[in-house]
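Chain by chain, the residues:
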Amino acid sequence: MNHSSETGSAETPDESVTRYSGSIENELIAAAGQADRDPVVAVHSVRKLLKKYRALLKLVKGCSSGIDPERANHFLRDLGRNFSQLRDAHVRSETLSLLAATNLLPSCRDLISELLKENQRTIDQLEHKVIDEDQHFDTLKADLTSDNPVQSFIESLNTDSKCLIAGLSETYAKCHRLYLELHNQKNAELLHEWRKRIKDLQHQHEMVSALLPSDLFAASENIDPLTERLGRDQDLNNLRLWINQDGVSQNHSV
């Protein structure tokens, strides 16, 4: 375990990771508590925080003393899947509303309006299912406050600068490999995978900025705008796929 004299931080890496993990869990529980008042914000926050938590696990997966991080990663992944359809529907509404407001497609104004109405029906159904029927927010809170694979993994860590650098380097390598693949084979699946790995990198930079030498972050100012652009591209691609579904395209002659 590294001490503060090694990192320049007031905390050891172990202490910092434990604090960061606890902070994410507290934010997740608080976000889940907003579901009845503001389901859009609750779903968005929960999905974002679960992805941030998974990025943390990937960063420190080589710091564990014998516990496989995959059970913890799958535990968080499965929690996130409970909200994925509803989050996608909320994003479609935001994207369609933006297209309507910018007036980029004046000839499609009526079509966009109809798509918004159809998507809202989907949102109403999914919110009822997620919040009232399946009570996924309550399940999330219960799972996070009970013994679970994430807690066991975090408790097993013996974090130092070496394993943090290794985790960050692995994420960089994945991003670079996907970038090169996209030059040879441009497709939406590869682009989406690249976006997810860049998002991991963004979260991991945030986590280790006070623990590792600053010269490791020479390109960090480029990460935020890149994730923003890739996110917009993904939103538009998801909207295209939804519109081209049989039911939607037949209903609206798309």
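Residues numbered from 1 in each chain as written. Predicted model: local features only at pLDDT ≥ 70, side-chain atom pairs only at ≥ 80, totals over all residues. Heavy atoms only, no water.

(A) Geometry of the confidence of the model for the protein. Looking at the protein as a whole, its pLDDT mean stands at 89, while 91% of the residues score no less than 70. Of the regions scoring below 50 in pLDDT, residues 1-8 engages in 19 contacts with residues more than four places distant in sequence or in other chains. (pLDDT = per-residue confidence, 0-100. Contact = heavy atoms within 4.5 Å.)

(B) Structural view of the nonpolar core. With 53 residues, the main nonpolar core has Leu 28, Val 46, Val 60, Leu 76, Phe 137 and Val 150 as its most contacted residues. A per-element tally of this core places helix H3 (residues 39-59) first, with 10 residues. Once residues within four sequence positions are removed from consideration, Leu 76 is found in contact with Leu 50, Tyr 53, Arg 54, Leu 57 and Val 150. Membership of the second largest hydrophobic core comes to six residues, among which are Leu 96, Ile 112, Leu 115 and Leu 239. (Core = buried A, V, L, I, M, F, W, Y, C linked by side-chain atoms within 4.5 Å. Buried < 20%, exposed > 50% of the residue type's maximum accessible area, 1.4 Å probe, protein only. Helix = DSSP H or I, 4+ residues; strand = E, 2+ residues; numbered from the N terminus.)

(C) Looking closely at the pattern of salt bridges. For the coordinates displayed, the defined rule picks out 16 salt bridges. Across the pair Arg 77 and Asp 78 runs a salt bridge, and its minimum N-O distance is 3.2 Å. Classification of Arg 77 as partly exposed rests on a relative accessible area of 25%. By relative accessible area, which is 36% here, Asp 78 ends up partly exposed. Across the salt bridge formed by Lys 196 and Glu 193, the nearest N and O atoms sit 3.3 Å from each other. (Salt bridge = Lys/Arg side-chain N within 4 Å of Asp/Glu carboxyl O.)

(D) Broad picture of the environment of Lys 51. Following the sequence through the fold, Lys 51 ends up in helix H3. Residue classification places Lys 51 among the partly exposed positions, given a relative accessible area of 36%. Each C-alpha atom of the pair Lys 51 and Leu 76 lies 8.2 Å from the other, and the pair is 25 residues apart in sequence. Discounting chain neighbours no more than four positions away, the residues touching Lys 51 are Arg 195 and His 203.

(E) Examining the packing of aromatic side chains more closely. Following the criterion strictly, the structure yields two aromatic pairs and no others. On the basis of an interplanar angle of 50° and a centroid distance of 4.8 Å, the ring pair of Phe 83 and Phe 137 is categorised as tilted. Here Phe 83 is found in helix H4 (residues 70-102), whereas its partner Phe 137 is found in helix H6 (residues 136-144), with 54 residues between them in sequence. Taking relative accessible area as the criterion, Phe 137 reaches 3% and is therefore assigned buried. (Phe/Tyr/Trp six-rings, centres within 6.5 Å; stacked < 30°, edge-to-face > 60°.)

(F) A look at empty space enclosed by the protein. For the structure on display, the rule yields one cavity of 30 Å³ or more. The computed volume of the largest cavity comes to approximately 50 Å³. Lining the largest cavity we find Ser 16, Val 17, Tyr 20, Leu 56, Leu 59, Leu 164, Met 207, Val 208 and Leu 211. Secondary-structure elements contributing two or more residues to the lining of the largest cavity are helix H2 (13-32), H3 and helix H9 (188-208). Tallying contributions element by element places H2 first for the lining of the largest cavity, with three residues. (1 Å grid on protein atoms, 1.4 Å probe; cavity = no way out; pocket = protein on both sides within 12 Å on 5 of 7 lines; lining within 4 Å. Points joined across faces, edges and corners; volume = space filled by probe spheres on them.)

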